[in-house]
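Fold and contact review
The chain contents come next:
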Amino acid sequence: MNKLSRIIRYLIILSAFITFATLLFVVGYILVRGIPYIKPSLFALEYTTENVSLLPAIVGTIIMIVLALLISAPLGIFTGFYLVEYARRDNKLVEIIRITAETLSGIPSIVYGLFGLLFFVTALSWGFSLIAGAFTLAIMILPLIMRSTEEALLSVPDMLREASFGLGAGKLRTIFRVVLPTAMPGILAGIILSIGRIVGETAALIYTAGTVAQIPANLFDSGRTLAIHMYALSREGLYTNQAYATAVVLLVVVIGINALSTSISKRLTKGNLDG
Amino acid sequence: MDKIKIENLDLFYGEFQALKNINMKLKENMITAFIGPSGCGKSTLLKSLNRMNDLIEGCRISGKVLLDNEDIYGSIDVNMLRKRVGMVFQKPNPFPMSIYDNIAYGPRTHGIKSKSKLDDIVERSLRAGAIWDEVKDSLNKNALQLSGGQQQRICIARALAVNPEVLLMDEPTSALDPISTLKIEELIQELKKEYTIVIVTHNMQQATRVSDKTAFFLLGEVIEYTDTEKLFSTPKDKRTEDYITGRFG
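Residues numbered from 1 in each chain as written. Chains lettered and ligands numbered in written order. Predicted model: local features only at pLDDT ≥ 70, side-chain atom pairs only at ≥ 80, totals over all residues. Heavy atoms only, no water.

Details of the overall build of chain A
- Secondary structure assignment for chain A yields 10 helices and zero strands.
- When its C-alpha atoms are laid out on the principal axes, chain A stretches across 70 × 65 × 35 Å.
- Every one of the 275 residues in chain A was classed for burial, and the buried ones make up 40%.
- A sequence separation of at least 24 residues applies to 72% of the contacts in chain A between residues at least 6 apart.
- Total accessible area computed for chain A in this model is approximately 14500 Å², and 71% of it derives from carbon and sulfur atoms.
- Across chain A, the mean location of the 20 positive side-chain charges is 9 Å away from that of the 14 negative side-chain charges. (Helix = DSSP H or I, 4+ residues; strand = E, 2+ residues; numbered from the N terminus. Buried < 20%, exposed > 50% of the residue type's maximum accessible area, 1.4 Å probe, protein only. Contact = heavy atoms within 4.5 Å. Areas by Shrake-Rupley, 256 points an atom, 1.4 Å probe, with all protein chains shown as cover. Lys, Arg positive; Asp, Glu negative; His and termini not counted. Charge placed at Lys NZ, Arg CZ, Asp CG, Glu CD.)

Right, dumping it as structure tokens:
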């Protein structure tokens, strides 16, 4: 028995080590290959085939995140509120919405891309555009935001709602002053995950937002995100080094976004605790 | 004077009848205790006095509950009713906010915004809840960092902050240690001067210690309702006697 427990202990430590080492190796490899090629010209305002600037792609990424979240976050969060706070527990519609969301989140992103191409790009004739891409991504992350909001609300104990109602507070006040602040970290976690999916998405965007490498003039222009930029560079085979440099920037952007969201969520919960 | 009159009250959870034809008068500035074994309907009756049972799906009610002769199941505003009839729950349930904000939540809900007024209410309520001395230097501390007994007194203070007329207490000490329990019982005695109090308790000693009148419940019915002293010394009904002498329950 003692021997077995020691073996299991080593196995567990080994697994943790392999996981960590893999991550470290991937990141390290990208850094080593990419950092030497990060040059000022890579951040030029204008993309040319000479400088293969990634600045337009950074702008595109940020626009894509903001737009997709603007569309999806309110919808997803309010749907979560409906499911937990407003719908009756034996409501059939709730079950249907849940199954739909689960199914939607299991669909490969290329299918969303195809839908976006046929519907937003072609049928609505928005063309390859940021807005078509953002709507496609919004549909893609909607279930994620909805489900995480739902989970976060369900984890708020009922006795807090009772306390609020017991003091004569109405439903709206109870939801906004008691339930929402308590559930905020969970809701934000869903949004952070969504940002991750937006930043990492390629398939759905190639079909909808296109791959034009300039800073877009308006939302109906085509534009590329960093992930697509990387894909384009490495596919052409001429700029593999710059693709690695882009990967470094993408990593930094992702780490930055995560740090920012964590600090926002900390501040929100802290505000909730202190005042 | 009768603060609350309950007339022919029946209550159903779906098909199950939890309360059967309850008739009862609760006097002003008195402490009434509800005792009885688990599932006898005492908490259910308590919750129907400020309509907290509205939150339970499938709960139906017939009969009347009159607060100052006005039917609370009539056209009354539920939020105003709950302001007048406050509640303290079984488990301490402070909001995950500062002590100050916990107390100020109720008054803010009812439209009080002025900082000086709120400061005043917070201090008065915490004093009334017998917890002011322990927390006056840390009003910005999260209420969840307090001990269970302190949290429960915060909850009592929070309920008092909206200036209720009646205070409903649902086994307020069942989750607390003996010393905290004692503090809360003393506090309840003190509060009697200004409030009408109804307390549900599992603890018969507690009922004898704090209450003026006691109602004994069994299977959704009031078996006996009279002065606490009488009920415990000379119970009229055999079932009451069996219960208070510990033969069941």
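Regarding the nonpolar core
- Membership of the largest hydrophobic core comes to 56 residues, with the highest contact counts inside it found for Met64, Leu69, Leu137 and Ile198 of chain A together with Phe95 of chain B.
- Sorting the residues of this core by element identifies α2 (55-86), α5 (130-154), α6 (158-166), α7 (171-200), α8 (203-206), α9 (226-236) and α10 (240-274) of chain A as the ones contributing at least two each.
- When residues in this core are grouped by element, the largest group, 11 residues, is from α2 of chain A.
- Counting residues in hydrophobic clusters, the runner-up holds 30 residues, among them Ile6, Leu46, Leu67 and Val200 of chain B. (Core = buried A, V, L, I, M, F, W, Y, C linked by side-chain atoms within 4.5 Å.)

Considerations on unusual backbone geometry
Residue and element names in this part refer to chain B.
- Although it is not a glycine, Asn69 adopts a positive phi angle of roughly 70 degrees.
- When you line up the elements, Asn69 lands in the loop between β4 (59-67) and β5 (70-71).
- Despite not being glycine, Asn163 has its phi angle at roughly 60 degrees, a positive value.
- When you line up the elements, Asn163 lands in the loop between α6 (148-160) and β7 (166-170).
- The class for Asn163 is exposed, based on a relative accessible area of 55%.

Let's talk about the domain arrangement of chain A
All names here are of chain A.
- Domain annotation for chain A reports domain 1 (1-37) and domain 2 (42-274).
- Computed over C-alpha atoms only, the centres of domain 1 and domain 2 are separated by 30 Å.
- The interface of domain 1 with domain 2 comprises eight residues on the first partner and seven residues on the second.
- Both faces considered, domain 1 and domain 2 share a buried interface measuring about 730 Å² in area, 75% of it formed by carbon and sulfur atoms.
- The largest contributions to the domain 1 side of the interface with domain 2 come from Ile30, Arg33 and Tyr37, which together make up 67% of the buried area.
- Applying the counting rule to domain 1 against domain 2 returns zero salt bridges.
- Viewed at the interface, domain 2 and domain 1 are joined by one residue pair in polar contact (both at pLDDT 80 or more).
- Here the side of domain 1 that touches domain 2 is built from residues that sort into six nonpolar, one polar and one charged. (Domains from an automatic or database assignment. Buried area = accessible area lost by both parts, 1.4 Å probe. Salt bridge = Lys/Arg side-chain N within 4 Å of Asp/Glu carboxyl O. Polar contact = N/O pair within 3.5 Å; in protein donor to acceptor, adjacent residues only side chain to side chain. Nonpolar A, V, L, I, M, F, W, Y, C, P; charged D, E, K, R; others polar.)

What about the packing of helix α4 (residues 115-128) of chain B against α6 of chain B?
Residues and elements named next belong to chain B.
- Contact pair α4 / α6: the axes reach a minimum separation of 8 Å and the direction vectors enclose 130 degrees. When the axes of α4 and α6 are compared, the pair comes out oblique. Of the two elements, α4 crosses α6, and the hand of that crossing is right-handed. From α4, Ser125, Leu126 and Ala128 reach across to α6, where they touch Ile154, Ala157 and Leu160. (Axes fitted to C-alpha atoms, helices over the stretch in contact; angles between N-to-C directions. Parallel < 35°, antiparallel > 145°, perpendicular 65-115°, else oblique. Left-handed = near helix turned anticlockwise from the far one by under 90°.)

Remarks on the side chain of Asn93 of chain B
- Structurally, Asn93 of chain B can be placed in the loop between β6 (85-88) and α3 (99-109).
- Taking the relative accessible area as the measure of exposure, Asn93 of chain B reaches 1% and is therefore buried.
- Among the polar contacts listed, one links the side chain of Asn93 of chain B to the backbone oxygen of Met159 of chain A, at a separation of 3.0 Å.

Some words on the packing of aromatic side chains
- Enumeration according to the criterion identifies 12 aromatic pairs over all chains in this entry.
- Relative to Tyr105 of chain B, the ring of Phe95 of chain B has its centre 4.6 Å away and its plane inclined at 50 degrees; by these criteria the two rings are tilted. Linking Phe95 of chain B in the loop between β6 and α3 with Tyr105 of chain B in helix α3, this pair joins segments that are 10 residues apart in sequence. Assigned by exposure class, Phe95 of chain B and Tyr105 of chain B land together as buried.
- One aromatic cluster in this structure is built from Phe115, Phe119, Phe120, Trp126, Phe135 and Phe220 of chain A.
- The aromatic ring of Tyr86 of chain A is capped on one face by Lys171 of chain A, whose charged end is 4.9 Å from the ring centroid.
- Directly above the aromatic system of Tyr105 of chain B lies the positively charged group of Arg173 of chain A, at a separation of 4.9 Å from the ring centroid. (Phe/Tyr/Trp six-rings, centres within 6.5 Å; stacked < 30°, edge-to-face > 60°. Lys NZ or Arg CZ within 6 Å of the ring centre and 35° of its normal.)

Describing the sheet that holds β6 of chain B
All names here are of chain B.
- Pairing in this open sheet of six strands is mixed, and the strands run β6-β7-β8-β3-β9-β10 from one edge to the other. Each of the sheet's edge strands pairs with one partner strand only, and the pair in question is β6 and β10 (221-227). Neighbouring strand axes in the sheet, compared pairwise and without regard to direction, differ in orientation by 15 degrees on average.
- Bridge count for β7 against strand β8 (residues 196-200) is five bridges, and the pairing is parallel. (Pairing = 2+ DSSP bridges.)

Digging into the pairing of β10 of chain B
Residue and element names in this part refer to chain B.
- Where strand β9 (residues 213-218) lies against β10, six bridges are found, and the strand directions are antiparallel. Bridge assignment links Thr214 to a residue of β10, and that residue is Thr226.
- Two successive antiparallel strands, β9 and β10, enclose a turn made up of two residues, where Leu219 displays a positive phi of approximately 50 degrees.

Topic: the interface of chain A and chain B
- Contacts between the two partners involve 23 residues from chain A, matched on the other side by 29 residues from chain B.
- At the boundary of chain A with chain B, total buried surface from both sides reaches about 2000 Å², with 58% on carbon and sulfur atoms.
- The interface formed by chain A and chain B holds zero salt bridges in total.
- Contributing elements (two or more residues each) for the side of chain A that touches chain B: α6, α7 and α10 of chain A.
- For the side of chain A that touches chain B, the per-class residue count stands at eight nonpolar, eight polar and seven charged.

Examining the layout of surface pockets
- In this structure, the largest pocket spans a volume of roughly 630 Å³.
- Arg89, Asp158 and Phe165 of chain A together with Leu55 and Ile56 of chain B are the residues nearest the centre of the largest pocket, which is lined by 23 residues in total.
- Mapped onto the lining of the largest pocket, the elements with two or more residues apiece are α2, α6 and α7 of chain A together with α2 (78-84) of chain B.
- Here the lining of the largest pocket takes four residues from α6 of chain A, the largest share from any one element. (1 Å grid on protein atoms, 1.4 Å probe; cavity = no way out; pocket = protein on both sides within 12 Å on 5 of 7 lines; lining within 4 Å. Points joined across faces, edges and corners; volume = space filled by probe spheres on them.)

Overview of the pattern of salt bridges
Residue and element names in this part refer to chain A.
- Using the criterion set out here, one finds 26 salt bridges over all chains in the structure.
- Here Glu150 and Arg147 are joined by a salt bridge, their closest N and O atoms 3.2 Å apart. Residue Glu150 and its partner Arg147 are located together in helix α5, separated by three residues, close to a single helical turn.
- The class of Glu150 is buried, set by a relative accessible area of 1%.
- Judged by relative accessible area, Arg147 falls into the partly exposed class, the value being 22%.
- Counted as one network, the salt bridges with shared partners bring together Glu95, Arg98, Glu102, Arg147, Glu150 and Glu151.

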